[in-house]
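Structure assessment
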Amino acid sequence: VSVLGGSGYIGKHCIYKLLKNSSANVFSVSRSGKIDMSQYNLSQEEKDRLKVFKASALSKEDLKPILSQCNGVIHSIGTLVTFDKNGPNSYDTLGRQTALIAAEVLKENIGITNFVYISAQRGLPFPLSILFGDYIKSKRKAEEELKSMKHLNTTVLLPGVVCDPKIRSWSVPLYHSVNIFNSFEKNVLGKIAPQIGEKLNLPSRGTILDNLASYAAKGALGELDKNIFSADEMI
């Protein structure tokens, strides 16, 4: 299984869950070609199953020798806030183009590849959605394109604010805050104005990192019974 964006916050935890809960060889793919797993208690056998690659997710030449060995891929590349509209750090480049390039490379594989796309339940709330609305647009477009590809068994995960008490302690109060607001939206605002949450991109329920990574690992291993999971389901 390859994890694209393996050195990132979500990617590293996906690697950890794969190493702990399967016998798969796991490839970390990132621009830096480095990964720090020191916060995880990995055995020597688990460390031996992890290989780290320096590669550009925008380069088919870089990805081909790596992905040709895999029957599972987790895409965890992206950024929540960027002012780059069309360049290498734009929403479309990071969130969509990198996924489609990987999908193109996987066409050459024999058999169907399990492809997990880590998306988002909603984008940034109004009025930030006016400035950064392309974040969720690029995600939705990528989801539809990936799901239409017959050589992929695509799983889409739709987390909310991703929280991990150990790695990002500051995410804990944010996680509880969005959950309270989301409950208020569902039980009060939604009764007054249906679909107000979708229209204004109000926060969805938060997601615990360990749960998100567990779903991603299972999807990459072909162990899930459906192909899309919302923030409300990943609890």
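See above for the structure.
Residues numbered from 1 in each chain as written. Predicted model: local features only at pLDDT ≥ 70, side-chain atom pairs only at ≥ 80, totals over all residues. Heavy atoms only, no water.

How two aromatic rings sit relative to each other is set out by the distance from centre to centre and by the angle between their planes. One pass over the structure, following the stated rule, counts 5 aromatic pairs. On the numbers, 5.1 Å between centres and 70° between planes, the contact of Phe27 with Phe53 is edge-to-face. You can see Phe27 sitting in strand E2 (residues 26-30) and its partner Phe53 sitting in strand E3 (residues 50-54), a full 26 residues away along the chain. Stacked on the ring of Phe229, the Lys or Arg Lys226 has its end atom at 5.1 Å from the ring centre. (Phe/Tyr/Trp six-rings, centres within 6.5 Å; stacked < 30°, edge-to-face > 60°. Helix = DSSP H or I, 4+ residues; strand = E, 2+ residues; numbered from the N terminus. Lys NZ or Arg CZ within 6 Å of the ring centre and 35° of its normal.)

Relative to the elements of secondary structure, Asp164 occurs in the loop between strand E7 (162-163) and helix H7 (171-192). One buried charged residue, Asp164, remains without a salt bridge, the closest side chain of opposite sign being Lys166 at 7.1 Å. Among the polar contacts made by the side chain of Asp164, one reaches the main-chain amide nitrogen of Ile167 at a distance of 2.7 Å. For Asp164, the contacting residues outside a window of four places in its chain are Tyr9, His13, Ser169, Ser171 and Leu209. (Buried < 20%, exposed > 50% of the residue type's maximum accessible area, 1.4 Å probe, protein only. Lys, Arg positive; Asp, Glu negative; His and termini not counted. Salt bridge = Lys/Arg side-chain N within 4 Å of Asp/Glu carboxyl O. Polar contact = N/O pair within 3.5 Å; in protein donor to acceptor, adjacent residues only side chain to side chain. Contact = heavy atoms within 4.5 Å.)

Whether parallel or antiparallel, the strands of a sheet pair through hydrogen bonds between backbone atoms. The strand order across the open sheet built from 7 strands is E3-E2-E1-E4-E5-E6-E9, with neighbouring strands paired in parallel fashion. Looking at strand neighbours, the two that pair on one side only are E3 and strand E9 (228-229), the edges of this open sheet. Judged from the 2 bridges that link them, strand E6 (residues 152-157) and E9 form a sheet pairing that is parallel. From the neighbouring strand, Leu157 faces E9, where its bridge partner is Phe229. Seen against the sheet, helix H9 (residues 209-220) touches strand E4 (72-75), strand E5 (113-118), E6 and E9 and runs at an angle of roughly 160° to E5. (Pairing = 2+ DSSP bridges. Axes fitted to C-alpha atoms, helices over the stretch in contact; angles between N-to-C directions.)

All right, on to the pairing of E5 then. Of all 6 residues making up E5, 6 are buried, and the element is well covered by its neighbours. Across the two faces of E5 the burial is the same, with Thr113, Phe115 and Tyr117 and Asn114, Val116 and Ile118 all buried. Pairing of E4 with E5, which is carried by 4 bridges, proceeds in the parallel orientation. Each residue of the ladder has a partner; that of Gly72, found in E5, is Asn114. Handedness of the crossover joining E4 and E5 through helix H4 (residues 91-106): right-handed. Strand direction decides the pairing type here: E5 and E6, joined by 6 bridges, are parallel. Pairing of Asn114 across the sheet is with Asn153, part of E6. (Right-handed = clockwise from strand over helix to strand, strands pointing away.)

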